[in-house]
Structure formats: structure tokens, C-alpha cells
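Results of the structural survey
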Amino acid sequence: MTLGSKRKTPPGVLLLRRIRGRNWSPKTFRYVILLITFIAYACYHASRKPSSIVKSVLHPESNTNPPQAHHINNEHPWPLGNVFVKEEADAANREGWEPFNGKGGTSRLGEIDVAFLACYSLGMYVAGHLGDTLDLRLFLTWGMIGSGFFVGLFGMGYFWNVHSFWFFLVMQMAAGLFQATGWPSVVAVVGNWFGKRKRGLIMGIWNAHTSVGNICGSLIAAGVLQYGWGWSFIAPGFVMSLGGVLVYLFLAAYPEDVGFPGINSNSGKFIKRNRDIEDEEEEEESVEADVEREGEEGSGFRYENKRSVGLLQACMIPGVIPFALCLFFSKLVAYTFLYWLPFYLSQTTIGGEYMSVKTAGNLSTLFDVGGIVGGILAGYISDKFKARATTAATFMYAAIPAMLVYHSYGGVSQTVNVVLMMVAGLFVNGPYALITTAVSADLGTHKSLQGDSRALATVTAIIDGTGSAGAALGPLLTGFLSTLGWEAVFYMLVAGALCAGLLLTRLVIAEIKEKFGYGDEESEPLLNDIR
């Protein structure tokens, strides 16, 4: 499929080019790409957090015996104010919201979570293939606007006084389908602009958007909760739609869109793999000069005729299936924390006291702070030792004692809870971040593809789509297991982390053998010559 006739330079880039009188350098574009995709996917994750924040409002537990409501002296939300807030300003929502406030309410909350994530998982496979064939900028734009729209509609159920379970279920399913456009697209865009050198570290830092989005989503949802739980969905949904506008205006999804050849191009210019940035600057200047002579709407570099890779072909790339299955269990663990940690914090005693819903939302963000460190650390270690599988497996094994210690001793005091939560977040989110970013990008540009075909979005969709099936299963099981006690939930999380590590055993052994000079022979080309 030839894409060049259908893609145009983003309008915001054209405007800036007219104002400046010249084009940005490739180096500048790479920074811009990282920033825009970071903001975009942070918006995706921010719009997923409201359901975890409002769980305790929709289904308040009767056995927590919270203290009587009183006025709050802390007027500013965290991080400007205190993390721990003893009471919300408005305790009227303690009656819950039908259909989630009755018996079996936690099961229904788990069902809407699994509906969202199941549609997200299934939509991922389709979205990944479409992302390799359509204009990623427009594809991502409509995905963000559509997702923001349906997240906002879920919140409108509060103002419309809707109590039909099917309304909330359908809104979550629709939002899940639009959310599936995000991850394959942003990973493919970054992969289009960056080679493999320091990819683990770069993408580890970049992948902080997941935790930053979770933190922002929690703070926004908790901050407006006192005005009605509907605002906790509408506000992130609006931010999500604004992010879609930003993507439409400024995201150059491909180097060719702004006058540069792709990193796999045979033109001999742009940023080749395994080269230092300093060595590229003189070359970039010559490329800039070429671009300045081009028209504003096009590029002198012709788009290569690239054929998207099918799902079965992408599954044949070495390492795709093991990492996909590992991510199934890794996301089962990570998304259980994502969707249920605020609820867990509000239903258990910490230092002998129960937390308010707002405090639980504030405190849960510290899990993601640990996740930011974990993602960066995992990326750096995997780059230094050139061992993606070994790094991911080690983090998953380390997550097991971290989660058990958190469950056993997290209630001792607020300080202990914070420290143990951040340690658990580090080990849980580290491998999740590594696999969904650097590993997916590595496999999407695997040498067996011979550079003739790009599979970034498709491979990312297979890995993250399989992982999202686990992400759907974890919160669903938690909804049922939590009725038996939180100990059962943590046993499930431990089993998931153990399975995730074991599934990478063959790849870990292969990496160790390679370190000692017993590496396997090079992979055979996956594709025949298609020129």
C-alpha cells in the first residue's frame, strides 16, 4: 500500500514553518514526537482512572464505619495540600449509586471493568493492523476524541440520573474500543523516528506517561469528586479530547510527512541505527537544506511502497508469543492495582484508621510514582546488559515478595504503606513498561523482516492485546475474590507474577547462552522480497 498520496504535513507544523521561515531539524522533531506521544498516552491512561476512584462512592461498604462528616480545613488538593484527608466535604454519596450499591455491587463493578478491557483487548488486534495501513495521525486523533466522548457520557449518567446497568456497560465497551487505538499508534510513531540505540532507556523514560497519566487521572477525578461523581469522568474525558486536537495539529507520525526519509530508508540520510547524536548533526543540516527546497505540502522523499504484516506473520517473529503471554500475566497484576488499589485502600485500616475516598485516590498515585522509577530502571538495565527477557523476568520475580510484604505490613502505618506501595509499583510496572515499549519496538523492526515491511503497530497490538486480556481478567477476578477477603486477591497476584516470569524462561536461557558465546544462529528472513 502506498501511503504518500494520502498523508499530509500536520497543519500546526505547516503554520510553525511559515512563522519560522524554516523547518525543524530531525533532532528537534524527535523531541517533539516524544512530547506529543507522551501527552497523548498520558491522556489515555488518565481517562481510565475515574472508575477506580469512584468505586467507593458507587458501592460504599457498610463495615468500614467511617467517622462522621465534618468540614475540611485542607482546601487545596494533593499535591498542593495533604495526601491524607480524613473526610470528604460532601458525604452524601455514602448511599451509593444504583445498580452498584446493592448486594453484588463489587461484582458489577468488576463486570464493567472487564467489559472495557475485553473490548480494549479485542479492538487492539484490529487497531494494530489498521495502524500499519492508515495515517497514524488521523487514526490516533479520532481514537482520542471518540474515547473522550464515551468516557464523558459515562459521567453524564450521574446528571441524567441513569440507573441502568446496561447504560454504563455499553459506555465502557465503546470507550474500550476507542482506547484500543492508542498504544499501537504511539509505539509505531516513536518507532518510526528512533533506532534501536538506547531504545530501552529512551522508551523507559517515555513510558512514564502511563504512570503520569494514572496520577493525573486520579488527581483530577478525586479533585472534582465533591461536585458529583459524574465530573470525575467528564473532566478526564474533556482533557482526552483536547489531546486529540493536539495530535491532529502537530503529530508528524512519519519522518516522510515533514520532508525526511525514514530510518529504514536507503537514501543514506537521516538518523541511522547505532549512531551517536553528535555524529548526526552535520548530516541533519544537509537534510534540513533539502527540506527547505521542498513545497510546504510535500516532501522530496518518496514514500516507499510498504505492505503491512498480517497477524499470523507477525506472530511468527521470534519472541512475540513468549512476550505476549508474559504480558498477559504482567498486566493482570498491574491492572488489578490500577482498578482496585484505591478501593482496597479505602476498605482496609492503615495505622488503625480507615481512609476517605479522596485520600485513597491520592495515596494510590504513589504506586505509579514507583512505577515511573521501575520503567526507567528496567529500560536502563536491559540496555546495559542487552537482556530484555532476563530483566523483565527478574522484575516479575522480585514483585512477588514486594506484594506479599505490602499486604502483610502495609497497614502498620501511613509511612510504611507509602514506602512498600512504591516498592511494589517499581517491580510490578517495570517489566510491564519494558515489554510494551522497547520489546514491542524491537520485535516490530526485527531483522527477520529484512526492512521490507513494517510491523510495529501490528506486533505492538498482538503483545499488548494479549496482555490486555489479562488486564481484563485480573479486575474481574478481583471483584469476586475480594468478597472472600483481600488475602485471596494477593495470592492471585502472586500466581500471576510467577507465571509471567516462568514464561520467559526459554528466552532468558537464550540470552544467558549468548552472553557466554553460545548464541543461536541468525533468524531466517520472515518475508520474501516484496519489491
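Details of the structure are given in the entry above.
First, a word on scope: everything that follows refers to the structure included in this document. In this text the structure is predicted, and so the values were computed from the model without any measurement.

In this section: the packing of helix α15 (residues 388-409) against helix α18 (residues 486-502). Viewed as axis vectors pointing N to C, α15 and α18 meet at an angle of 170°, and their least axial separation amounts to 8 Å. Compared by their axis directions, α15 and α18 come out roughly antiparallel. Between α15 and α18 lies a crossing of left-handed hand. Contact with α15, carried on its side by Ala393, Met396, Tyr397, Ile400, Met403, Leu404, Tyr406 and His407, involves Trp486, Glu487, Phe490, Leu493, Val494, Ala497, Leu498, Ala500, Gly501 and Leu502 of α18 and no other residues of that element. Tallied by class, residues from the contact of α15 with α18 come to 15 nonpolar, two polar and one charged.

It is worth spelling out the nonpolar core at this point. Counting residues in each nonpolar core, the largest one holds 91 residues, and the members touching the most others are Trp229, Phe337 and Leu345. Ranked by residue count, the leading element in this core is helix α13 (residues 320-347), at 17 residues. Filtering out sequence-adjacent residues up to four positions away, tryptophan 229 remains in contact with Val54, Val57, Leu58, Trp97, Phe154, Gly155, Gly157, Tyr158 and Phe168. Ranked by size, the runner-up nonpolar core spans 39 residues in total, among them Val13, Tyr44, Phe139 and Val247.

A word on a nonpolar patch on the surface. A contiguous nonpolar patch, built from Phe159, Trp160, Tyr227 and Trp231 and spanning about 490 Å² of accessible area, is present on the exposed surface. Along the chain, phenylalanine 159 turns up in helix α5 (residues 136-159). Given the relative accessible area of 37%, phenylalanine 159 is considered partly exposed.

Let's shift gears to the packing of aromatic side chains. Considering all chains together, one arrives at 35 aromatic pairs under this definition. Note on phenylalanine 149 and phenylalanine 150: the rings are 5.2 Å apart at their centroids and 80° apart in plane angle, and the pair reads as edge-to-face. For phenylalanine 150, a relative accessible area of 19% translates into the label buried. The lysine or arginine in question, arginine 48, covers the ring of tyrosine 120, its NZ or CZ lying 4.6 Å from the ring centre.

A separate point is the side chain of lysine 331. Counting through the fold element by element, lysine 331 comes out in helix α13. In this structure lysine 331 comes out as buried when scored by relative accessible area, which is 1%. Those residues within four positions of lysine 331 in sequence are excluded, and the remaining contacts are Tyr120, Thr336, Tyr432, Asp464, Gly467, Ser468, Gly470 and Ala471.

Rules used in this analysis
- Sequence order sets the numbering: in each chain, residues are counted from 1 along the sequence as written.
- Where totals are concerned, whole chains, interfaces and linings use all residues; where local detail is concerned, this predicted model gives features only for residues with pLDDT of at least 70, and gives and counts side-chain atom pairs only at 80 or more.
- Computation of side-chain values: all heavy atoms of the structure, hydrogens and water removed.
- With axes taken as lines fitted to C-alpha atoms, and helix axes fitted only over the stretch in contact, angles between N-to-C directions fall between 0 and 180 degrees.
- Every helix listed is a DSSP run of H or I at least four residues long, and every strand listed is a run of E at least two residues long, numbered separately from the N terminus.
- Should an angle fall under 35 degrees it is called roughly parallel, over 145 degrees roughly antiparallel, and 65 to 115 degrees roughly perpendicular, with every other angle called oblique.
- Should the near helix be turned counterclockwise from the far one by less than a right angle, the crossing is left-handed, whereas a clockwise turn marks it as right-handed.
- The contact rule is simple, with two residues in contact once any of their heavy atoms fall within 4.5 Å.
- Classification used: nonpolar for Ala, Val, Leu, Ile, Met, Phe, Trp, Tyr, Cys and Pro, charged for Asp, Glu, Lys and Arg, polar for all others including Gly.
- Buried residues of nine kinds, namely Ala, Val, Leu, Ile, Met, Phe, Trp, Tyr and Cys, make up a nonpolar core once their side-chain atoms join them within 4.5 Å.
- Think of it in three bands: residues with accessible area under 20% of the maximum for their type are buried, residues over 50% are exposed, and the middle band is partly exposed, with areas taken using a 1.4 Å probe on protein chains only.
- Patches in this entry comprise residues that are over 30% relatively accessible and not in a salt bridge; like charges within 9 Å are linked, as are nonpolar side chains (Val, Leu, Ile, Met, Phe, Trp, Tyr) within 5 Å.
- Note on areas: these come from Shrake-Rupley sampling with a 1.4 Å probe, and a residue is covered only by the protein chains present in the view.
- We define a salt bridge as a contact between a side-chain nitrogen of Lys or Arg and a carboxyl oxygen of Asp or Glu at a distance within 4 Å.
- The pairing test for Phe, Tyr and Trp rings, Trp by its six-membered ring, is centres within 6.5 Å, and the orientation test on the planes gives stacked under 30 degrees, edge-to-face over 60, and tilted for anything in between.
- Comment: the charge-over-ring label is applied if NZ (Lys) or CZ (Arg) is within 6 Å of the ring centre and within 35 degrees of the ring normal.

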